[in-house]
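Structural overview for review
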Amino acid sequence: MFFFDSVVRVRAGTRTDRGGNTVEDWSDGAVTRAAVGQLNVQPTSQAETTDATRTAVITGWRVQSEEGTAPDITARDRIEWNGMTLLVEGEVAPWPDPLTGAHHHTEFTMVRATG
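Attention shifts here to the sheet that holds strand β7 (residues 84-96). Here six strands make up a closed barrel; going around it, the order is β1-β4-β5-β8-β7-β6 and the pairing antiparallel. The average undirected angle you get between the axes of adjacent strands in this sheet is 45 degrees. The sheet contact formed by strand β4 (residues 32-50) and strand β5 (residues 55-65) spans 11 bridges and is antiparallel. Directly across from A47, in β5, lies its bridge partner I58.

Okay, here's the thing in C-alpha cells:
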C-alpha cells in the first residue's frame, strides 16, 4: 500500500589498476543497473554548511522495503532516484520478524551532497 516507490541500483564493475589490483570501475560501460521496486522513500535529513568558499548541502532519505522483500542493494552501490544519483550511507539493514526471526524487510539511508 505504501511501497510504490522504485529506484535504480547502480553497481560498479571492476578493472585492474597499474599495480595489478582489482578496483571498482564506475565508468558507464562497466556498471550494471537494476530496477528495484516495492520501496517506501521518505525524507530524513537536510544539513547545510557554509564557509568562505562554498555552501554544502547534504540531504538524506530513508528507504524501507515492503514486508517480505529483500532488495539486492549493498552499501557500495549508488542509487538513481528522482533525477539524482545518490550514495548508500552506512550498511543496508535486514530487519528480522520479531516473532519468527525470519527476514521481515530491509532498510537503508541514501544521501546526496552538493556544493
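Another aspect to go through is the side chain of D25. Mapped onto the elements of the fold, D25 is located in strand β3 (residues 22-25). Within the local environment of D25, its side chain forms a polar contact with the side chain of S27, the two groups lying 2.7 Å apart. With sequence-adjacent residues up to four places away left out, D25 is seen in contact with A12, G13, T14, R15, A30 and V31.

This next bit is on the pairing of β3. Inspection of the sheet shows strand β2 (residues 13-16) paired to β3 by four bridges, in the antiparallel sense. When the sheet's bridge partners are listed, T16 is paired in β3 with T22. Here β2 hands over to β3 after five residues, with G20 in that stretch at a positive phi of 85 degrees.

Definitions and limits used
Residues numbered from 1 in each chain as written. Predicted model: local features only at pLDDT ≥ 70, side-chain atom pairs only at ≥ 80, totals over all residues. Heavy atoms only, no water. Pairing = 2+ DSSP bridges. Helix = DSSP H or I, 4+ residues; strand = E, 2+ residues; numbered from the N terminus. Axes fitted to C-alpha atoms, helices over the stretch in contact; angles between N-to-C directions. Polar contact = N/O pair within 3.5 Å; in protein donor to acceptor, adjacent residues only side chain to side chain. Contact = heavy atoms within 4.5 Å.

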